[in-house]
Every structure is written in C-alpha cells, then in structure tokens.
Amino acid sequence: KKMMDLSPAEWDRVMNINMNGPLYLTQELYPLFGKADTDKNRILMLSTIAKACTGLPNYGPYCVSKLGAYGIALMLKEELPEGSTPVYTSTLVPGEVNTEMQKQTAYSSSSGFPEHLVKHWRMLHETNQLLPPAVPGAFISFVTCDTTPQ
C-alpha cells in the first residue's frame, strides 16, 4: 500500500517486526552475554538494500523500517562495546534471496511498482539467480559460530 493509504495498525506491524523487534530482543538478551571473554560477545543484524531506498511505491513501511533497523544497529555498534558488558554489533546484507516476499513482489499485482524493477525481479526468478535461503544461512552460521576474533 502507499504511505497515505496505511492504517496505524499496518504501519505499527511492520515497524514492530523489522525495527522494534531487533531492538527489544537485543535488550532482553543483553544480560545473557558473557562477562568474561567478552571478545566473543557478538550481534549480527541482517539488513537489506532497502535501507538505502530512495522511494519505492507500496514498500514505504518496509523501506522505512529497514532504514530504522539499520540505524539501531549503528547505534548499538557504538554504544554496546562501551557498556558494562562489551558486545560487538555488525550488519550483513545477505543478497537477493529466494523468499516468498521476492516471489510476491515479482508476480503479484505490481501496480504502483516501477516496471523496470518488476521486470528485474521476474528475471531473477526465471533465471534462478536468487540465492536459495540455505546459502546465506550457511554463511551466517559460519560467520557467527565458526570464527574467532582473530
């Protein structure tokens, strides 16, 4: 929907999932981070190219929420290393992943989307250029679980 057609509940739902959720989860988990060996205290927040969106009709709440989530990650990156328990925050854009949202964007009613973007998303689907979710999943697992600070 376009920004002017959104209800407060629709806006709040997207903001709560994409922006507020990561912040509130981090607040709840922060006390569980290790007090010793703090070099291992890490947070990886997934991001998207939508954080740089300059205007995409019908995706306003998504783009705004992802921009806000990226801002939260940047603030945590600055604040948490200096906290009583140091925690180090990073962000990752996993690429264009084959998700239901990608499929809906390419093939559902695309009125309001720029035609060149609809063509691009359809081409990615039809030529199997989207990453299977397992690929970024394996990379994220490696980055967060199989590495050391060195």
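Check the entry above for the structure.
The structure contained in this document is the topic of the report that follows. (Residues numbered from 1 in each chain as written. Predicted model: local features only at pLDDT ≥ 70, side-chain atom pairs only at ≥ 80, totals over all residues. Heavy atoms only, no water.)

### Topic: the overall build of the protein
Turning to step 1, where the next piece is worked out: Along the backbone of the protein there are five helices and two strands.
Turning to step 2, where the next piece is worked out: Of the regular secondary structure in the protein, the N- to C-terminal order runs α-β-α-β-α-α-α.
Turning to step 3, where the next piece is worked out: Seen along its three principal axes, the alpha-carbon backbone of the protein occupies a region of about 55 × 35 × 20 Å.
Turning to step 4, where the next piece is worked out: A total of 150 residues make up the protein; the buried ones form 29% of that total.
Turning to step 5, where the next piece is worked out: Within the protein, contacts between residues separated by at least 24 positions form 68% of all contacts whose residues are at least 6 apart in sequence.
Turning to step 6, where the next piece is worked out: Just so you have it, the protein exposes about 9,700 Å², and 59% of that area is on carbon and sulfur atoms.
Turning to step 7, where the next piece is worked out: The average position of the 12 basic charges and that of the 14 acidic charges among the side chains of the protein differ by 5 Å. (Helix = DSSP H or I, 4+ residues; strand = E, 2+ residues; numbered from the N terminus. Buried < 20%, exposed > 50% of the residue type's maximum accessible area, 1.4 Å probe, protein only. Contact = heavy atoms within 4.5 Å. Areas by Shrake-Rupley, 256 points an atom, 1.4 Å probe, with all protein chains shown as cover. Lys, Arg positive; Asp, Glu negative; His and termini not counted. Charge placed at Lys NZ, Arg CZ, Asp CG, Glu CD.)

### Some words on the nonpolar core
Within soluble globular proteins, side chains that are nonpolar generally end up buried alongside one another.
Turning to step 1, where the next piece is worked out: Within the largest apolar cluster, 10 residues are counted, these being Ala50, Leu56, Tyr59, Cys63, Ala106, Phe113, Val118, Trp121, Leu124 and Leu130.
Turning to step 2, where the next piece is worked out: Beyond its immediate stretch of four places on either side in the chain, Leu130 contacts Glu96, Val97, Asn98, Gln102, Leu124 and His125.
Turning to step 3, where the next piece is worked out: Counting residues in hydrophobic clusters, the runner-up holds nine residues, among them Ile43, Ala73, Leu76 and Val87. (Core = buried A, V, L, I, M, F, W, Y, C linked by side-chain atoms within 4.5 Å.)

### What to know about the packing of helix H3 (residues 100–107) against helix H4 (residues 115–126)
Turning to step 1, where the next piece is worked out: Packing of H3 against H4 leaves a shortest axis separation of 8 Å and a crossing angle of 125 degrees. By the criterion of interaxial angle, the relationship of H3 to H4 is oblique. Considering the relative orientation of H3 and H4, their crossing is left-handed. Taking contact as the criterion, the partners of Gln102, Lys103, Thr105, Ala106 and Tyr107 in H3 are, on H4, Val118, Trp121, Arg122, His125 and Glu126. (Axes fitted to C-alpha atoms, helices over the stretch in contact; angles between N-to-C directions. Parallel < 35°, antiparallel > 145°, perpendicular 65-115°, else oblique. Left-handed = near helix turned anticlockwise from the far one by under 90°.)

### Some thoughts on unusual backbone geometry
Turning to step 1, where the next piece is worked out: Notably, Asp37 is not glycine yet its phi reads approximately 55 degrees, a positive angle.
Turning to step 2, where the next piece is worked out: In this structure, Asp37 sits in the loop between helix H1 (8–29) and strand S1 (42–46).

### What to know about the side chain of His125
Turning to step 1, where the next piece is worked out: Positionally, His125 belongs in helix H4.
Turning to step 2, where the next piece is worked out: Polar side-chain contacts of His125 include one of 3.4 Å to the backbone oxygen of Gln102.
Turning to step 3, where the next piece is worked out: The contact partners of His125, leaving out residues within four places of it in the chain, are Asn98, Gln102, Lys103, Ala106, Tyr107 and Leu130. (Polar contact = N/O pair within 3.5 Å; in protein donor to acceptor, adjacent residues only side chain to side chain.)

### Quick look at a nonpolar patch on the surface
Turning to step 1, where the next piece is worked out: On the surface, a nonpolar cluster with roughly 330 Å² of combined accessible area is contributed by Met3, Met4 and Val64.
Turning to step 2, where the next piece is worked out: For Met4, a relative accessible area of 78% puts it in the exposed group. (Patch = residues over 30% accessible without salt bridge, like charges linked within 9 Å, V, L, I, M, F, W, Y side chains within 5 Å. Salt bridge = Lys/Arg side-chain N within 4 Å of Asp/Glu carboxyl O.)

### A word on the pattern of salt bridges
Turning to step 1, where the next piece is worked out: Summed over the entire model, instances satisfying the criterion amount to two salt bridges.
Turning to step 2, where the next piece is worked out: Between Lys1 and Glu10 there is a salt bridge; the shortest N-O distance is 2.7 Å.
Turning to step 3, where the next piece is worked out: Across the salt bridge formed by Asp37 and Lys40, the nearest N and O atoms sit 3.4 Å from each other.
Turning to step 4, where the next piece is worked out: Exposure remark for Lys40: the relative accessible area of 58% places this residue in the exposed category.

### With respect to the pairing of S1
Within a regular beta strand, the side chains point alternately toward one face of the sheet and then the other, so they alternate between its two faces.
Turning to step 1, where the next piece is worked out: Side chains Ile43 and Met45 project from S1 onto a buried face, and the interleaved Arg42, Leu44 and Leu46 project onto a face without burial.
Turning to step 2, where the next piece is worked out: Assessed by its sense of winding, the connection that carries the chain from S1 through helix H2 (residues 60–79) to strand S2 (residues 88–92) is right-handed. (Right-handed = clockwise from strand over helix to strand, strands pointing away.)

### Quick notes on H3
Turning to step 1, where the next piece is worked out: Of the positions making up H3, those classed as buried are Gln102, Thr105 and Ala106. Looking straight down H3, one finds its buried side chains confined to an arc of 95 degrees; they lie on one side. (Arc of directions from axis to C-beta.)

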